[in-house]
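# Inside the fold
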Amino acid sequence: MAEITGLVLPFFGLILLGYIAARITRQPQEAMGWLNTFIIYVSLPALFFKLLSRTPIEQLARWDYVLTSMVVTYTVFALVFAASILVRRALIGEATIQGLAGAYGNIGYMGPGIAILAFGEPAAVPVALIFCFENIMHFTIAPMMMALSGGDHRSPGALALGVVRKIALHPFILATIVGVAAAWIEFVPPLPVGRLIDYLAQAAAPCALFAMGVTLALRPLKRVPVELGFIVPMKLIAHPVMMYLGLSLIGDFEPVWVYTAVLLASLPTATNVFVIAQQYSTWVERASATVLVTTVCSVGSVSVLLWLITSGTLPPDLFPG
């Protein structure tokens, strides 16, 4: 238990510190602008580049791993979307946000920090692969479904161009592409540049987690939506279980890769779900509540998962051989 506390306390402790700091100082939400810019455009891209560029290129071509992860995550989205339509009689736009809330984990801000803390630098490659390809899926699903609901009034051409631009110019995806290219040609940056990248990469996890705590504090919980009755267990329990079963069925993955994918699947709803809800003025307040509730609940669920992994209770492959 002490080992789990040692993993979880620094991680969720940084989120808590951000939350407390925001409550004490009462800074406006706009004050987060430059910190978010640093995290998204500088620090996390530096971390992805640093770790990917040092990885043997053959490890970066595991399409079976990427496709399995995407299929599982999309299945979770589809199940929550269907439950929203059939059980709650939600409109397509609302069901889309709820589906994203059940499938879109906080793998950008929380993923690199907790995975590398738990499993070391070998976890960086699966984190980057999952992040890039799942974000491509999410960036595609959201505008497409909102267009079907009538919430996005752009022409099909403008809609497709917007999706492509969002994917192609995302800083994390660009950093991943450059990191893979550097690994391909075995490029090693000059020593001063390498040191700068190291400094920036080291700041990624602490800044991202602190910023997340601040963001949660600035979006107080006003009401708990009924839909959390199925969104929370789907996000925090069903998603990691399905990811574990899917990777076990395909098999032949390194234990760190399996555990990393399962851990990322167990993370709470991404704050980007709230951003998407705001963009389309759909399910906004309840999306904010979902982020907060799943984050609080994940303290327990992630701790249990890490105990199962570190204690050896959860084997890396349910169907060995």
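Our subject is the structure that appears above.
What comes next concerns the included structure. (Residues numbered from 1 in each chain as written. Predicted model: local features only at pLDDT ≥ 70, side-chain atom pairs only at ≥ 80, totals over all residues. Heavy atoms only, no water.)

### Details of the overall build of the protein chain
Summing up its helical and strand segments, the protein chain has 13 helices and 0 strands in all. Going from the N terminus to the C terminus, the protein chain shows its helices and strands as α-α-α-α-α-α-α-α-α-α-α-α-α. The principal-axis extents of the C-alpha atoms in the protein chain amount to approximately 55 × 50 × 50 Å. The contacts of the protein chain with a sequence gap of at least 6 include a subset with a gap of at least 24, amounting to 85%. Carbon and sulfur atoms provide 70% of the accessible area of the protein chain, an area that totals close to 14600 Å². (Helix = DSSP H or I, 4+ residues; strand = E, 2+ residues; numbered from the N terminus. Contact = heavy atoms within 4.5 Å. Areas by Shrake-Rupley, 256 points an atom, 1.4 Å probe, with all protein chains shown as cover.)

### As for the packing of helix α4 (residues 92-103) against helix α10 (residues 228-250)
Angle between the axes and distance between the axes are the two parameters that describe a pair of packed helices. Where α4 contacts α10, the two axes come as close as 7 Å, and the packing angle between them is 35 degrees. Taken as a pair, α4 and α10 cross one another with a handedness that is right-handed. Counting all contacts with α4, which are made through Q98, A101, G102 and A103, the residues of α10 involved are F230, I231, M234, K235 and H239. Across the contact of α4 with α10, the residue classes break down as 5 nonpolar, 3 polar and 1 charged. (Axes fitted to C-alpha atoms, helices over the stretch in contact; angles between N-to-C directions. Left-handed = near helix turned anticlockwise from the far one by under 90°. Nonpolar A, V, L, I, M, F, W, Y, C, P; charged D, E, K, R; others polar.)

### So, the environment of G108
Its place among the elements puts G108 in the loop between α4 and α5 (111-119). Residue class for G108 comes out buried when judged on its relative accessible area of 9%. Residues G108 and L264, spaced 156 residues apart in sequence, show a C-alpha to C-alpha distance of 9.6 Å. For G108, the residues in contact, after removing those within four places along its chain, are L44, F131 and F172. (Buried < 20%, exposed > 50% of the residue type's maximum accessible area, 1.4 Å probe, protein only.)

### Let's talk about the packing of aromatic side chains
Evaluated as defined, the whole model comprises 10 aromatic pairs. Consider the rings of Y65 and F253, whose centres lie 5.4 Å apart with planes at 70 degrees: the pair is edge-to-face. Placement of the pair is Y65 in helix α3 (residues 63-86) and F253 in the loop between α10 and α11 (255-265), with a sequence separation of 188 residues. Pair check on accessibility: Y65 and F253 agree, each one buried. (Phe/Tyr/Trp six-rings, centres within 6.5 Å; stacked < 30°, edge-to-face > 60°.)

### A short note on the nonpolar core
It is characteristic of soluble globular proteins that their nonpolar side chains tend to be buried jointly. With 101 residues, the main nonpolar core has I97, M110, L263 and L306 as its most contacted residues. No other element matches helix α6 (residues 124-149), which puts 14 residues into this core. Sequence-distant contacts of M110, that is, excluding residues within four places in its chain, are made with F11, F12, I15, L209, M212, L267 and P268. In this structure, A46, F49, I197 and L200 belong to the second largest nonpolar core, which totals 5 residues. (Core = buried A, V, L, I, M, F, W, Y, C linked by side-chain atoms within 4.5 Å.)

### Some points on the side chain of Q98
By secondary structure assignment, the location of Q98 is in helix α4. On the accessibility criterion, Q98 (0% relative accessible area) is buried. Ignoring sequence-local partners within four residues, the contact set of Q98 consists of V80, S84, A90, E227, F230, I231 and W283.

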